[in-house]
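Structural features, examined
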Amino acid sequence: MAADLKFAKTHEWVRPEADGVLTVGVSSYAVEALTDLVFMQLPAVGRKVKAGESFGEIESVKAVSDLYAPVSGEIVEVNAALPGNLETLGKDPYGDGWVVRIKADNPAEMDGLLDRAAYDSLVGSQPH
Amino acid sequence: MSQLLLETPLVGWHVAHGGRMVDFAGWRMPVQYASIVEEHLATRRAAGIFDVSHMGRLAISGTAAVEWLESLLTRKVAGIEVGRVRYTLITSDAGGQPVVLDDALVSRDTDAADGTTRLALVCNASNRDRVVAWLTSRLPAAGVTFADRTLETAMIAVQGPLAMQIVGSLCTPADAARIAGLGNYRATSAVVAGHAAAVSRTGYTGEDGVELVVDAAAATPVWEAIHAAGAPLGLRACGLGARDTLRLEAGMPLYGHELREDSDPSAIGLDLAVNLEGRSFPGAGHYCGLRNHPAGRVRVGLTFDSKRSAREGDAVMQGDRQVGVVTSGSFAPTLGTAVAMAMVDRDVASPGTAVEGVIRDSRQPAVVAPLPFYQRDKRRA
Amino acid sequence: MNTLTIWWDAAADGPTNMAADEWLAAEAERRGSLLLRFYGWTETTISLGGFQKIDEARQIEAIRGVPLVRRPSGGGAIVHGSDLTYAAAVPKRHPWGASPQVFYDALHGAMVETLAEHGIRAWPHPADARSRHDESLFFCFDRRATGDLVMAGPASGTVSKIMGSAQRRLAGVVLQHGSLLLRGNTAVAGSARHPAVSDIVGGQSVPEETALSRAWGARIAHGLGVAVREEETPVVRGGDLGIEASSSRFRDDRWTARR
C-alpha cells in the first residue's frame, strides 16, 4: 500500500492523482468488519459532495453502511465494475477495489485527514 | 431461486396457492395452505395430495447391485421380485459404534433392456447427503452404478379413500386396473395424466393411496391434473403440517424423532424392518444382541385428555420420577385430542398406565396407548 | 453510558416509524448511550430492505394492497402489525457498536434467555453456508442470517425463523431494528405468512408483548451492568422532535421506489 494514502475517520482512504483528482476507497479494516458484502450503491458521475456527506451505501448480509466523502468536490468517475464484483473490495481494497474519483474543490482539505500511522492507531484503539 | 434452500419443481404452485413456506431439512416446503386440520380431515375423508419431492431418490443398478445392497440394508434384497417394495433401515459402522443412518424404502424396478437388475431407494430428505456419501464410500470397483436422481425427478403422494379412484381416472383403463390391483407395498409403472410415472402403493398417512415418481418437468402438469380431477371429490393439497398429524395418528416413526442414530430398532417396534438371520449388514451383530437382550426404553403412544400436547423433548413423568421423553406430539384432528409418541421405561409401557407430560411448566395427564392411534377401515369397497 | 433508556411508543405508520428510528440513532449519538424503542403499526405494513427491488414486492399477490415502507437498513421484507418491533441504537465507540455481529448477538442472545424464562426454546441460527447469499428470497423470515433466532416447529422436522434484525451503520452510531414474530398476522396469507411463536407453542403459551419487551430490556441492561430508565413521552408523540417532518422522506416515492 502506497505511503501517500490518507484516511478519514469513517474508514475511507484517499490517494491523490494528477490534476487535483483523488481516488477514494474503503480501508481493509472496514471491509473486513462488514463481511459477506451483497450490494453497493454508487453515486452518479457529476454529483457534487461535501466533506462528511454520504455519497453511497454498501450492504452486507449484516448491515447497511454509508460511504462518506472525505473531501468536498465533484464525482468525476465511479468504479462501475465494482458493485457486480464485490469480492474485489476484499481482495484488493486499495487497488482494483477503488470506489470513486473526486475532483477536490480544495486540495487543502486533505490536510485534515489522517496519515497511515494515525489511522492505524485509531483502528487499533477501536473495540473489536 | 435460492442456491442454498432447495426447492421442488412444485414450489411455484405452492406459493401461488397460498402455501405458507417453511424450512424443512434445507428445503423450502409448504407447511399448510389454509388449515392443517382441514387438510388432515380431507385426507381421511376423501384424499390429500402431498409434494414429497424433497425425499431422496437413489437409483442402483448393475450385475452386483443386489448383492451389494443386500450387504448394506437391514432387509433382504436378494430374491426381491420386480414391483416389490420393502421398508428398511440403513446402518453404518464407519464410526466404530453401529448407527442407524436412516429409514428408507427399497424396491425393484423392471430390469434394464440388457437384463441388469435395477433397484431404487427412497430415503429421508434430512439424511440424503449422508446416505449418498455412505453408499458411495462402499461402492465396489465394478458391477454397481449408483445415481442420485432426486433433483431430476419429483414425487407426489395421493392418499385417502378416494386416492386410487382419482389417480386411476387419469390413466388408461389398463393402467388404472393394474394400479388398482397393486397390493400394499407393490409398485408398477403407468402413464398418469399423459406422463410416465413409477407408482407404488405406499404412503405415510395410514390411508390407502400411492406415491408417484415422475420427471421433474412433469411434476406440475401431473399435480395439476390430479388436483383438478380430485378437488370436486374433496381432494385437498396438504402441507407438512397435515403430513405430520396424519403420520402421528398412524403411529409412524419419523427419523430424528422416534428413530435416531443410537436407536434400538426392536425398542421402537421396527423388528419387521430388520432381518437378522444370517445377515451381515453393518452392525448386524450389535442389533442381534439388542434383540436378544432387550434393555432401555421402548416406544409407546400417549393420549392426552386435552387438545394441548407435549412436544419433542418434553419429559414424561410418573410422580417425581422422569420415566420417559416425548419424541413427537400434536393435536390429532381425527381423534379430537392431543397425542404423542414417547420413549418410556419398560415398567410404565403397558397400555393404560397413567403418566404425565410436562408441557412448559405444567403437567398434563396422559395414558399410555397402543400404536397406531388410528387405523383405517381396510375393507375394499 | 450507564443507563439503557427505553421508549414505549404507540402505533404509527411506516414512514413515521422509520423517521423515529433514525431520530433514535441521532439521539444515541448525541447522548453517547444505548437507546431502545418499542413500537407498533397502525395498520399491517411491509417494510422493505434498503436494496430490495420494489417491482418484486408489487408482483406478490399475497401482499397486494398492503402499504410499503423502505427501511434505511438492509435485509428482506417484513410483515409488520402483529410482531414485536424494536429499534436500538448505540454509539460506535461502545463495545456493541464495534462490528455488526456483536450487536445482533447481544440483543438476540438476551431474547433467547428471556424467551427461555417463558418456557420457549429458541436458538440463534449458526454461521453456515445458508447464512450468505439468499437475497433472492423476498421475505426476511424466509432468509437465515447468522444469529437470527429460530425455533423447532410448527411441524416435526421444520425449523422456523422467529426473530430477525437489520442494521444501518452510520458515521458514529449504529441503528438496529428488528421484528419478533410473536403472533401471526391474519391480514396476510400464503407465502407472506410465516409461522409465529403462537403457531408453534399455542396462543395461550405466548407471553404478553409488553411484559416480554420489558423483561428483554431488563436483561439487556443487566448484561451491561446498567440501569433501565423509561422515558415518559413516546418518540412519535414528541411534537418538537421533528419526526413528522422527517417522515416525509420515507413517504416519498423517490425513496420507496428507488430500486
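In this text, all values refer to a predicted model and were calculated from it rather than measured experimentally. (Residues numbered from 1 in each chain as written. Chains lettered and ligands numbered in written order. Predicted model: local features only at pLDDT ≥ 70, side-chain atom pairs only at ≥ 80, totals over all residues.)

With that settled, the discussion passes to the overall build of chain A. In terms of regular secondary structure, chain A is built from 3 helices and 10 strands. Scanning chain A from its N terminus toward the C terminus, one meets helices and strands in the order β-β-β-α-β-β-β-β-β-α-β-β-α. Against the compact-globule benchmark of 14 Å for 128 residues, chain A has a radius of gyration of 14 Å, which places it among compact chains. The principal-axis extents of the C-alpha atoms in chain A amount to approximately 35 × 35 × 25 Å. (Helix = DSSP H or I, 4+ residues; strand = E, 2+ residues; numbered from the N terminus. Rg over C-alpha atoms; globule rule 2.2 N^0.38 Å.)

Turning our eyes to something else, we now look at helix α2 (residues 36-45) of chain B. By the burial criterion, the buried members of α2 of chain B are Ile 36, Glu 39, His 40, Ala 42, Thr 43 and Arg 44 of chain B. Buried residues along α2 of chain B sit against β2 (27-32), β3 (47-51), β9 (153-159), β13 (235-238) and α8 (240-249) of chain B. (Buried ≥ 20, exposed ≤ 12 C-beta atoms within 10 Å, placed from the backbone. Contact = placed C-beta atoms within 7 Å.)

This part covers the arrangement of the chains. The top pair by number of contacts, from a total of 2 pairs of chains in contact, is chains B and C. A gap remains between chain A and chain B, with no contact made and the closest C-alpha atoms lying 14 Å from each other.

Further remarks concern the sheet that holds strand β8 (residues 73-78) of chain A. All names here are of chain A. Spatially, the 7 strands line up as an open sheet ordered β5-β8-β9-β3-β2-β1-β10, and their pairing is antiparallel. Of all the strands in the sheet, just β5 (48-49) and β10 (114-115) have a single pairing partner and so form its edges. Sheet topology note: the strand β1 (residues 6-7)/β10 ladder contains 2 bridges and is antiparallel. Of the residues in β10, the one forming a bridge with Phe 7 is Leu 114. (Pairing = 2+ DSSP bridges.)

Residues and elements named next belong to chain B. Sheet architecture is closed into a barrel: 6 strands sit in the order β14-β17-β16-β15-β18-β19, paired in antiparallel fashion. Averaged over all pairs of adjacent strands, the angle between their axes in this sheet comes to 45°, without regard to strand direction. In this structure, strand β14 (residues 298-304) lies alongside strand β19 (residues 362-369), joined through 4 bridges in antiparallel fashion. Across the sheet, Thr 303 pairs through a bridge with Val 367, a residue of β19. (Axes fitted to C-alpha atoms, helices over the stretch in contact; angles between N-to-C directions.)

Time to look at the confidence of the model for chain B. Any region with low pLDDT has predicted coordinates that should not be read closely. Residues of chain B with pLDDT of at least 70 account for 98%, and the chain-wide mean is 94. Two numbers describe this predicted complex: its pTM, 0.81, and its ipTM, 0.75. (pLDDT = per-residue confidence, 0-100.)

Moving on, we come to the interface of chain A and chain C. Residue-level contacts link 18 residues of chain A with 19 residues of chain C. Of the residues forming the side of chain A that touches chain C, the biggest block, 5 residues, is contributed by strand β7 (residues 63-68) of chain A. Classifying every residue of the side of chain A that touches chain C by side-chain character gives 8 nonpolar, 5 polar and 5 charged. Pairing geometry for β7 of chain A and strand β9 (residues 158-169) of chain C, over 3 bridges, is parallel. Note on β9 of chain C: the bridge partner recorded for Ala 63 of chain A is Gln 167 of chain C. (Nonpolar A, V, L, I, M, F, W, Y, C, P; charged D, E, K, R; others polar.)

Bringing the domain arrangement of chain B into the picture now. Residues and elements named next belong to chain B. Along its sequence, chain B is organised into domain 1 (11-53 + 152-249) and domain 2 (296-381). Summarising the inter-unit geometry, the C-alpha centres of domain 1 and domain 2 are found 29 Å apart. Each partner contributes residues to the interface: domain 1 has 11 residues there, and domain 2 has 13 residues. Counting residues per element, the ones that place at least two in the side of domain 1 that touches domain 2 are α2 and α8. (Domains from an automatic or database assignment.)

In this complex, chain B contributes 26 residues to the contact, which on the side of chain C involves 23 residues. For the side of chain B that touches chain C, the elements supplying multiple residues, two or more each, are β1 (20-24) and α8 of chain B. It is β1 of chain B that contributes the most residues to the side of chain B that touches chain C, 5 residues altogether. Considered class by class, the residues forming the side of chain B that touches chain C number 11 nonpolar, 8 polar and 7 charged. Here 2 bridges tie β1 of chain B to β9 of chain C, and the two strands are oriented antiparallel to one another. The residue of β9 of chain C that forms the bridge with Phe 24 of chain B is Thr 158 of chain C.

Residues and elements named next belong to chain C. Taking 1.5 Å per residue, 16 residues should reach 22 Å; helix α5 (residues 209-224) reaches 23 Å between its end C-alpha atoms and fits that length. The set of residues buried in α5 consists of Leu 212, Ser 213, Trp 216, Gly 217, Ile 220 and Ala 221. Angularly, the buried residues of α5 cover 170° about the axis, an arc narrow enough to put them on a single face. Among the structural elements, β1 (3-12), β2 (34-41), β6 (84-91), α3 (100-117) and β11 (227-230) are those in contact with the buried residues of α5. Backbone geometry just after α5 places Gly 225 at a positive phi near 70°. (Expected span 1.5 Å × (residues − 1). Arc of directions from axis to C-beta.)

Across the chain, the bulk of peptide bonds are trans and the bulk of non-glycine residues have phi less than zero. Residue Leu 371 of chain B is joined to Pro 372 of chain B through a cis peptide bond whose omega torsion reads 0°. Put simply, Gly 153 of chain C and Pro 154 of chain C share a cis peptide bond, and its omega is 5°. Take Pro 154 of chain C: it is sitting in the loop between β8 (149-152) and β9. One non-glycine residue, Asp 19 of chain A, lies in positive phi territory at about 60°. Inspection of the secondary structure puts Asp 19 of chain A in the loop between β2 (12-16) and β3 (21-26). You can call Asp 19 of chain A exposed: it has 7 C-beta atoms within 10 Å. The phi torsion at Ala 25 of chain B lies on the positive side, around 50°, for a residue other than glycine.

What follows deals with the packing of α2 of chain B against α8 of chain B. Residue and element names in this part refer to chain B. Axis separation between α2 and α8 bottoms out at 8 Å; the angle between their running directions is 55°. Judged on the interaxial angle alone, α8 and α2 are oblique. α2 and α8 meet at a crossing whose hand is right-handed. The residues of α8 that touch α2, namely those facing Ile 36, Glu 39, His 40 and Thr 43, are Gly 241, Ala 242, Thr 245 and Leu 246. When its residues are assigned to classes, the contact of α2 with α8 shows 3 nonpolar, 4 polar and 1 charged. (Parallel < 35°, antiparallel > 145°, perpendicular 65-115°, else oblique. Left-handed = near helix turned anticlockwise from the far one by under 90°.)

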